Each structure stands twice: as C-alpha cells, then as structure tokens.
Amino acid sequence: MICHMFAPMSPKERIYLDFAAATPLLPAVLSAMQPYLSEVFGNPSAIHQEGQRARGAISDARLAVARTLKSRPEEIYFTGSGTESNNLAILGYLESLHFGGRAYETMEVITTAIEHPSILELIPRLKTKGVKVRQVEVGETGLIESASLLSVLTTDTVLVAFAYVNSEIGTIQPVLRLAKLIKEFASAHKTTIKVHLDAAQAPLWLPCQVAKLGVDMMALDAGKCGGPKGVGILYINHSVSLSPILSGGGQEKGLRAGTENVAGIVGAATALALAQTAYEERALKARAVQEATIALLAEIIPQAELNGAAGPARVCNNLNFSLANIDTEYAVVWLDRAGIAASTKSACAGAGSGLSHVVLACTKDEARAKSTIRFSWGEEVT
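Residues numbered from 1 in each chain as written. Predicted model: local features only at pLDDT ≥ 70, side-chain atom pairs only at ≥ 80, totals over all residues. Heavy atoms only, no water.

### Re the overall build of the chain
When helices and strands are tallied, the chain shows 14 helices and 12 strands. A globule of 382 residues ought to have a C-alpha radius of gyration of about 21 Å, and the chain, at 21 Å, matches this closely. Taken along the three principal axes of its C-alpha coordinates, the chain extends 60 × 55 × 35 Å. Counted over contacts in the chain with a minimum sequence separation of 6, partners at least 24 positions apart contribute 71%. Working note: accessible area of the chain is about 16300 Å², and carbon and sulfur atoms make up 56% of it. (Helix = DSSP H or I, 4+ residues; strand = E, 2+ residues; numbered from the N terminus. Rg over C-alpha atoms; globule rule 2.2 N^0.38 Å. Contact = heavy atoms within 4.5 Å. Areas by Shrake-Rupley, 256 points an atom, 1.4 Å probe, with all protein chains shown as cover.)

Shown next, in the form of structure tokens:
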C-alpha cells in the first residue's frame, strides 16, 4: 500500500502522488511559523519594537538558509515564489548588464527546451529586447551532453540557465560538470558567463550546497520541500550584480520590493534546513519504491514507455511514463475519483494544454508527449 506523507488522514482515504507539484506543510515548519502569523505581526521596515522583532526573524532566517546552502547570508534573497526567483535571476542579470552599458543585441542566453515555464516563457520577452536565446539540445533522457553544450556557447553568451532536476521527467543534470565546462569556456575566451540553476525540485533528495554545484545563482521554492507556498529563495553569488524587476520599496537590499512575508520566510528557512538534514536517507527510501514500481509497471502494463533517465540520473521520487493512445488527462481524473492524486505534467504548464513539452523535446514523439502520467511521492511511501 502507498501511504501519504505527513498526512492526518487515513491512507485509505487518499493516496497523494504529486509531490513535484506541492508538498504538505511539515508540522515543524508550521510550528516555527505560528508566532509570525499572529504575535509578531509588525512590518519589518518599521523602526518600532514590533517591526524590529519581525526584521530580526528575517535576519535569522537568512542566516539559517546561508548555513544550509553553505553561502554568505548577504547572498540570500527572499522572493514570492520559485518562478519569481527564476525571473529575477535572469531578467535582473540582463538588466544589470544593460544598465552597465551593454546592448541587449550583444547578449546571448543559453537554456534548453525542457525547462520550467518560469524560464521558457521569458524567451519571447528577451527576444523582444533584442537578446539572442539559444537552446542546447538534450538527449532522449533529457540530459545535457557536454559536447552539445559546448557547441552552442559563444563569446556573446552571458548566461546559461537550466534545472537541477526536471520537474516532469525527473532527470538530474550533472550540474558541477556543466558549470565547470561553462567556466572553462569563458576563461579560454576571456569573457564572463554566469550560471543560473533552477533547483526547486532538489532539496528533499539532493545536495544543494552551492560550492558543490559551482553555480552563480540558484532558485528554490519552499512549497516543494515541506514549506509554505508563495515563498521563494534566490542565492546570488557576491560576484553577481542584479537590477530589480519590481518597483517599490527598498526591501531585500533594494532588489525585491514589497513587504516581506515574515511567517513564510521563517517557514521556508526551516523547511530547507529539514530537507537538507537527511536527504540521503530519505532518498534511499524513495529509490527503493521507485525501483519496485518501475518493475511492477513493466509487468502489469508492458506497453508503458518510461520517460526520462534511469538509475542515479533520475531523481528518486519520480516516475513518468507514456501510454500510447490513452487520454491520460482523463486517466488522471479517473484516478482522482478512485482516491489517487497524480498528474500528467508540471502543474505550472496548465491542464488541457495537450502534451508535455518536455517529453516532446526529448523524444520528438508527439503521441508519446500527449499520453504522459507522472507519479511523484514523499519519503513515507512503501
């Protein structure tokens, strides 16, 4: 039987297999947030005691995140979502270069066709400004190959952005190796290329210490690792300068205007710390479930086609497969009525859009991309 992670309900009531879209709020996270939902209510920008208590909570949360990621506290910024963090990293860096005197037409951004909509939907906006955008080809499993990456880098490249873990098919990119290739290319050609990593799907299962990844910026989403929705984290290396993309007050050192969500920020810091504390043990449990489920799927539905990488190159809590000639959106509705929550693709891609852009980019098979089902689970499944 598959059990629901951290749920007060009986496992017989519902089976939740959509952790890639949203995770339940952990009890310890709710407990940490509780005082800032009622007792400590002041505006962190106010100079009175109520405001300063709230500001102190944000400073403590920033320090906690920095300790978890092994970064400097001043390199941590809080946003309203993982999507905002991705937008701020990409748009903010390009705007900073532009305000520094560089023409948009001389800038080039590299990404892939399998990224989250918060990156892909920026492309038309960047092109309107005159920025060149190139997409590195991925293999059938969604991996970025070194040769393919090197083939698209040029002396105009200023930024490379990709995901640590693909939210649909679970493929894990070899981040450190790719980052080193990019830096070596930049050094050899006497240019500067920054690397931005969308790590929203990683904290529960993979190491997120920035020194182990070699990236310049990294986006995280509290709602994907046992924290509250509506809170993002953005790591920005001290060597990177960004311009704000929102106009308003001077919060987050002038980079992210808007009154801070104090309770959410405290919850995000707590959730991230808990996620990274025991990710290896958690991953072992989830991997055993994954291997057993893949074997069972091959036995009972032999026509199912696995999408994404296999083994260590796939995040341990993800199973994505295609069922040719099956309306899988209807299948997911049917599963829901039977008490099982699953999905066809990233929730941010929207329902009813017809196909998985990720599977299409990897396989070039439209029928396969139209018939995907994704299961993603937490550590307490069996």
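Moving on from the coordinates now.
### Some words on the sheet that holds strand 10 (residues 318–322)
If you walk across this open sheet you meet the 3 strands as 9-10-12, and the pairing is antiparallel. Bordering the open sheet on either side are strand 9 (305–306) and strand 12 (372–376), each of which pairs with just one other strand. Against the sheet, helix 11 (residues 279–300) touches strand 9 and strand 10, its axis set at about 20° to strand 10. (Pairing = 2+ DSSP bridges. Axes fitted to C-alpha atoms, helices over the stretch in contact; angles between N-to-C directions.)

### Side note on the sheet that holds strand 3 (residues 108–111)
If you trace the 7 strands from one edge of the open sheet to the other, you get 2-8-7-6-5-3-4, paired in mixed fashion. Across the chains shown, the open sheet's two edge strands, defined by having one partner strand only, are strand 2 (76–79) and strand 4 (132–135). Averaged over all pairs of adjacent strands, the angle between their axes in this sheet comes to 20°, without regard to strand direction. In the sheet, strand 3 pairs with strand 5 (residues 157–163) via 3 bridges, with the strands oriented parallel.

### Structural notes on the packing of aromatic side chains
Under the counting rule described, the total for this entry stands at 2 aromatic pairs. Their ring planes at 70° and their centres at 5.7 Å tell us that Phe-321 and Phe-375 sit as a pair that is edge-to-face. Placement of Phe-321 in strand 10 and of Phe-375 in strand 12 is noted, with a sequence separation of 54 residues between them. Each of the two residues, Phe-321 as well as Phe-375, counts as buried. (Phe/Tyr/Trp six-rings, centres within 6.5 Å; stacked < 30°, edge-to-face > 60°. Buried < 20%, exposed > 50% of the residue type's maximum accessible area, 1.4 Å probe, protein only.)

### Some remarks on the nonpolar core
Leu-69, Tyr-164, Leu-197, Met-218 and Phe-375 are the most contacted members of the largest nonpolar core, which totals 83 residues. In terms of residues, this core owes the most to one element, helix 10 (residues 262–277), which gives 9 residues. Setting aside its immediate chain neighbours within four residues, Leu-197 contacts Phe-162, Ala-163, Tyr-164, Val-175, Leu-213, Val-215, Met-217, Met-218 and Ala-219. Ranked by size, the runner-up nonpolar core spans 28 residues in total, among them Leu-88, Ile-90, Ile-119 and Leu-122. (Core = buried A, V, L, I, M, F, W, Y, C linked by side-chain atoms within 4.5 Å.)

### With respect to the pairing of strand 2
In strand 2, alternate side chains face the same way, and those of Ile-76 and Phe-78 on one face and Tyr-77 and Thr-79 on the other are all buried. Sheet topology note: the strand 2/strand 8 (residues 232–236) ladder contains 4 bridges and is antiparallel. Bridging from a neighbouring strand, Phe-78 pairs with Ile-233 of strand 8.

### Regarding the pattern of salt bridges
Across all of its chains, the model carries 14 salt bridges by this definition. Across the pair Glu-108 and Arg-134 runs a salt bridge, and its minimum N-O distance is 3.9 Å. Pair noted here: Glu-108 is in strand 3 and Arg-134 is in strand 4, with a separation of 26 residues, a long-range link. Take Glu-108: its relative accessible area is 3%, and that puts it in the buried class. Using a relative accessible area of 30% as the deciding quantity, one classes Arg-134 as partly exposed. We note a salt bridge from Glu-366 to Lys-370, for which the minimum N-O separation is 3.1 Å. Accessibility expressed as a relative area gives 44% for Lys-370, which makes it partly exposed. Here the residues in one salt-bridge network are Glu-140, Glu-305 and Arg-368, joined through shared partners. (Salt bridge = Lys/Arg side-chain N within 4 Å of Asp/Glu carboxyl O.)

### Quick word on the pairing of strand 7 (residues 217–221)
Counting buried positions over the 5 residues of strand 7 gives 5, a clear majority of the element. Here strand 7 shows two buried faces, one formed by Met-217, Ala-219 and Asp-221 and the other by Met-218 and Leu-220. Inspection of the sheet shows strand 6 (residues 194–198) paired to strand 7 by 3 bridges, in the parallel sense. From the neighbouring strand, Asp-198 faces strand 7, where its bridge partner is Ala-219. Strand direction decides the pairing type here: strand 7 and strand 8, joined by 5 bridges, are antiparallel. Of the residues in strand 8, the one forming a bridge with Asp-221 is Gly-232.

### Points about helix 12 (residues 328–337)
Helical geometry: 3.6 residues make up each α-helical turn, so side chains three or four residues apart lie on a common side. Along helix 12, the residues classified as buried are Thr-328, Ala-331, Val-332 and Leu-335. Within helix 12, the buried residues cover an arc of 100° as seen down the axis, which keeps them to one side. Of the exposed residues in helix 12, the ones pointing more than 90 degrees away from its buried face are Trp-334 and Arg-337. Lining the buried residues of helix 12 we find strand 11 (340–341) and strand 12. Residue Asp-327 occupies the N-cap position of helix 12, its side-chain oxygen lying 3.3 Å from the main-chain nitrogen of Glu-329. Looking one or two residues past helix 12, Gly-339 carries a phi angle of roughly 100°, positive in sign. (Arc of directions from axis to C-beta. Polar contact = N/O pair within 3.5 Å; in protein donor to acceptor, adjacent residues only side chain to side chain.)

### Topic: helix 8 (residues 175–188)
The end-to-end C-alpha distance of helix 8 is 20 Å, a good match for the 20 Å that 14 residues give at a rise of 1.5 Å each. Where helix 8 is concerned, the buried positions are Val-175, Leu-178, Ala-179, Leu-181, Ile-182, Phe-185 and Ala-186. What you see down the axis of helix 8 is that its buried residues fit within an arc of 155°, all on one side. Among the exposed residues of helix 8, those oriented more than 90 degrees off its buried face are Glu-184, Ser-187 and Ala-188. Against the buried residues of helix 8 lie helix 7 (146–152), strand 5, strand 6 and helix 9 (210–213). (Expected span 1.5 Å × (residues − 1).)

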